[in-house]
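# Residue-level structure breakdown
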Amino acid sequence: MAAAMTKRLHMRCIFWTGQCAQLYGIRHVCRESRSFASKSGEEVRVPKIYTKTGDKGFSSTFTGERRPKEDSIFEALGATDELSSAIGLAKEFCKDKGHPFTEELEKIQCVLQDVGSNVATPHSSARESHRAKTKFNSQPVSDLEGWIDKYTEELPPLTNFILPSGGKSSASLHVARAVCRRAERSVAPIVRIGEADPEVARFLNRLSDYLFTLARYAAMKEEEAESIYRRPE
């Protein structure tokens, strides 16, 4: 179990404040660590949360490049991380109302980690082994489309522009949708120049549609009124 936990730490990109702990190289960015004994007596090394490697304003991609933290790669990673956080908050509001679709939201948060892994592996500097580990396929897009179709069948036709509203669940999903659009805008140029897989951009584009649909669905299920756009007199 302890060995499995350590492996998972090394297998996943973790994005905090624009830093990427390399998928298979946490030991390269963490100079210090602490340890504890597992139930089996095996010593497990746990990296400290701070690495000090970004103190001068640079961070590493999965391919090992050192880039300024304002680089478009890290802007995209930060937006993706913010999106996951916004979805996490919305998920908690939806849990309070007993919505079963919170499992979908959690799955999406996991997929966003994979989005980050792909973005953090710029193709221009990636070896084939890098790209194989972080390749992003089309299945998450198909999942979103299936969920969108399912909820749309239950919703009344959209005849007016609606404002973010409809209760806390719905409004928080609208916030997540808006953050998703920003994440998409930050990822699009990276995909356009061939530095990330095209399916990443497709996923974010479809995700904003899903979050919009889900916001309407949550308002309907909670019997909360949605505010309609009216031109001010």
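Report on the accompanying structure. (Residues numbered from 1 in each chain as written. Predicted model: local features only at pLDDT ≥ 70, side-chain atom pairs only at ≥ 80, totals over all residues. Heavy atoms only, no water.)

Structurally, S172 is set in helix α7 (residues 167–192). Polar contacts involving the side chain of S172 include one to the main-chain carbonyl oxygen of K168, which spans 2.8 Å. Among residues more than four places away in sequence, those in contact with S172 are A90 and F93. (Helix = DSSP H or I, 4+ residues; strand = E, 2+ residues; numbered from the N terminus. Polar contact = N/O pair within 3.5 Å; in protein donor to acceptor, adjacent residues only side chain to side chain. Contact = heavy atoms within 4.5 Å.)

As a packed pair, helix α4 (residues 102–119) and helix α6 (residues 139–154) sit with axes 12 Å apart at the nearest point and diverge in direction by 155°. Between α4 and α6, the angle falls in the class roughly antiparallel. Here α4 and α6 pass one another in a crossing that is left-handed. For the pair α4 and α6, the contacting residues are E104, K107, I108 and V111 in the first and P140, D143, L144, W147, K150 and Y151 in the second. Tallied by class, residues from the contact of α4 with α6 come to 6 nonpolar, no polar and 4 charged. (Axes fitted to C-alpha atoms, helices over the stretch in contact; angles between N-to-C directions. Parallel < 35°, antiparallel > 145°, perpendicular 65-115°, else oblique. Left-handed = near helix turned anticlockwise from the far one by under 90°. Nonpolar A, V, L, I, M, F, W, Y, C, P; charged D, E, K, R; others polar.)

A word on unusual backbone geometry. It is generally the case that most residues other than glycine have a negative phi and that most peptide bonds are trans. Backbone geometry at K52 places phi at a positive 70°, although glycine is not the residue there. In this fold, K52 is placed in the loop between β4 (43–47) and β5 (58–60). Judged by its relative accessible area of 52%, K52 falls in the exposed class. The residue E223 is not glycine, and still its phi comes out positive at about 55°. (Buried < 20%, exposed > 50% of the residue type's maximum accessible area, 1.4 Å probe, protein only.)

Turning our eyes to something else, we now look at the pattern of salt bridges. Summed over the entire model, instances satisfying the criterion amount to 13 salt bridges. The partner of K150 in a salt bridge is E104, and the shortest N-O contact between them spans 3.2 Å. Of this pair, K150 sits in helix α6 while E104 sits in helix α4, and the two are 46 residues apart along the sequence. The buried category is assigned to E104, whose relative accessible area is 9%. (Salt bridge = Lys/Arg side-chain N within 4 Å of Asp/Glu carboxyl O.)

A word on α7. In an α-helix, one full turn covers 3.6 residues, which means residues spaced three or four apart are oriented alike. The first and last C-alpha atoms of α7 sit 37 Å apart over 26 residues, in line with the 38 Å expected at 1.5 Å per residue. S186 marks where α7 bends most, by close to 25°; the proline P189 follows one to four residues later. Taken from the residues just after α7, G194 is the one with a positive phi, measuring 85°. (Expected span 1.5 Å × (residues − 1). Bend = angle between axes of the 7 residues up to and from the residue.)

Looking now at the packing of aromatic side chains. Geometry of an aromatic ring pair is reported as the spacing of the ring centres plus the angle between the planes. Across all of its chains, the model carries 5 aromatic pairs by this definition. Arranged with centres 5.7 Å apart and planes meeting at 65°, the rings of F136 and F203 form a pair that is edge-to-face. Taken together, the positions of F136 in the loop between α5 (128–134) and α6 and F203 in helix α8 (residues 198–221) put the pair 67 residues apart, joining distant regions of the chain. The pair formed by F136 and F203 is uniform in burial state, with each residue classed as buried. Between Y151 and Y217, the ring centres sit 4.5 Å apart and the planes meet at 45°, which makes this aromatic pair tilted. Of this pair, Y151 sits in helix α6 while Y217 sits in helix α8, placing them 66 residues apart in sequence. (Phe/Tyr/Trp six-rings, centres within 6.5 Å; stacked < 30°, edge-to-face > 60°.)

As far as function goes, none of this settles anything; it's purely spatial.
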